Amino acid sequence: MRTAEVRRDTAETQIKVALNLDGTGQRSLDSGLPFLDHMLDQIARHGLIDLEIVAKGDLEIDAHHTVEDLGITLGQAFAKAIGDKRGICRYGHAYVPLDEALSRVVVDLSGRPGLEFGVTWKRGMVGQFDLDLIHEFFQGFVNHAQVTLHIDNLKGENAHHQCETIFKAFARALRMAVTPDPRLAQDVIPSTKGTL
């Protein structure tokens with residue numbers, strides 16, 4: 001089982017992330033931010049990743065530290081669970097629509113952090129949640145998961161729809177990338193370098 005549990009305790013946040021990459025989408029999510037929990041739910045459901053998240057942060061200041069540190073901790077847990085990446089597909093991609101919105105996400109479990117974030121929000125907030133923090137979440141994730149991630153919102157008039165298509169596409173691209181490649185020997189690392 002490709003599982004991991006990571007805790008991150010700082011003066012600003014206390015976060016626990018547990019995940020199972022070979023799960024069924026079971027989830028228990030408590031970030032203190034309902035909209036973010038809704039987006040994390042998409043990762044679990046569409047990625048078929050069992051996900052447990054508990055986060056306590058300095059939300060009295062704002063949500064920045066909690067969102068960024070959650071991305072960091074999720075990235076650390078992902079890196080721990082995926083291990084040396086033997087026998088996996090390595091690359092994943094997905095297009096996901098939601099009504100008028102459409103997003104594309106492409107991931108390479110490359111061992112190198114990189115984020116290209118092509119999103120122009122139609123409005124800056126969904127309820128009380130600042131959508132600028134979505135970039136911070138994914139930046140934290142890629143830095144600590146050591147993956148290359150391209151996120152493009154191609155269409156959308158509703159900011160909630162834009163964001164939800166991004167998280168659904170991210171989940172499905174990740175699911176494709178971590179899947180064992182049936183044509184590749186399970187002891188082979190999918191890289192000409194022999195390491196990822």
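Our subject is the structure that appears above.
Residues numbered from 1 in each chain as written. Predicted model: local features only at pLDDT ≥ 70, side-chain atom pairs only at ≥ 80, totals over all residues. Heavy atoms only, no water.

Caption draft 1: Quick peek at the overall build of the chain. When helices and strands are tallied, the chain shows 4 helices and 10 strands. Its C-alpha atoms give the chain a radius of gyration of 16 Å, within 12% of the compact-globule value 16 Å for 196 residues. Buried residues in the chain amount to 51% of all 196 residues. Sequence separation of 24 or more characterises 76% of the internal contacts of the chain that already satisfy a separation of 6 or more. Approximately 8900 Å² of the chain is accessible, and the part contributed by carbon and sulfur atoms is 49%. In the chain, 21 side chains carry a positive charge and 27 a negative one; their mean positions are 8 Å apart. (Helix = DSSP H or I, 4+ residues; strand = E, 2+ residues; numbered from the N terminus. Rg over C-alpha atoms; globule rule 2.2 N^0.38 Å. Buried < 20%, exposed > 50% of the residue type's maximum accessible area, 1.4 Å probe, protein only. Contact = heavy atoms within 4.5 Å. Areas by Shrake-Rupley, 256 points an atom, 1.4 Å probe, with all protein chains shown as cover. Lys, Arg positive; Asp, Glu negative; His and termini not counted. Charge placed at Lys NZ, Arg CZ, Asp CG, Glu CD.)

Caption draft 2: Spatial organisation of the sheet that holds strand 1 (residues 3–9). Here we have 4 strands laid out as an open sheet, ordered 1-2-4-3, and mixed in their pairing. Looking along the sheet, the strands with just one partner apiece sit at the ends: strand 1 and strand 3 (27–30). Pairwise comparison of adjacent strand axes, ignoring direction, gives a mean angle of 5° for this sheet. Bridge count for strand 1 against strand 2 (residues 13–20) is 7 bridges, and the pairing is antiparallel. Its bridge partner lying in strand 2, R8 is registered against I15. Against the sheet, helix 1 (residues 34–47) engages strand 3 and strand 4 (50–57), with an angle of about 160° to strand 3. Helix-sheet contacts for helix 2 (residues 64–82) involve strand 1, strand 2 and strand 4, and the interaxial angle to strand 2 is about 35°. (Pairing = 2+ DSSP bridges. Axes fitted to C-alpha atoms, helices over the stretch in contact; angles between N-to-C directions.)

Caption draft 3: View of the nonpolar core. In terms of nonpolar packing, the biggest core is built from 58 residues, with F78, L109 and F138 touching the most fellow members. Tallying contributions element by element places helix 4 (residues 159–178) first for this core, with 10 residues. Apart from residues lying up to four places away in sequence, F78 is in contact with L19, L21, L109, F141, A145, V147, L174 and V178. (Core = buried A, V, L, I, M, F, W, Y, C linked by side-chain atoms within 4.5 Å.)

Caption draft 4: Expanded view of helix 4. The end-to-end C-alpha distance of helix 4 is 29 Å, a good match for the 28 Å that 20 residues give at a rise of 1.5 Å each. Of all 20 residues making up helix 4, 16 are buried, and the element is well covered by its neighbours. Put simply, N158 is the residue that caps the front of helix 4, since its side-chain oxygen is 2.9 Å from the backbone nitrogen of H160. (Expected span 1.5 Å × (residues − 1). Polar contact = N/O pair within 3.5 Å; in protein donor to acceptor, adjacent residues only side chain to side chain.)

Caption draft 5: Focus on empty space enclosed by the protein. Evaluated as defined, the whole model comprises 1 cavity of 30 Å³ or more. Computed from the structure, the largest cavity encloses a volume of approximately 40 Å³. Tallied by class, residues from the lining of the largest cavity come to 10 nonpolar, no polar and no charged. (1 Å grid on protein atoms, 1.4 Å probe; cavity = no way out; pocket = protein on both sides within 12 Å on 5 of 7 lines; lining within 4 Å. Points joined across faces, edges and corners; volume = space filled by probe spheres on them. Nonpolar A, V, L, I, M, F, W, Y, C, P; charged D, E, K, R; others polar.)

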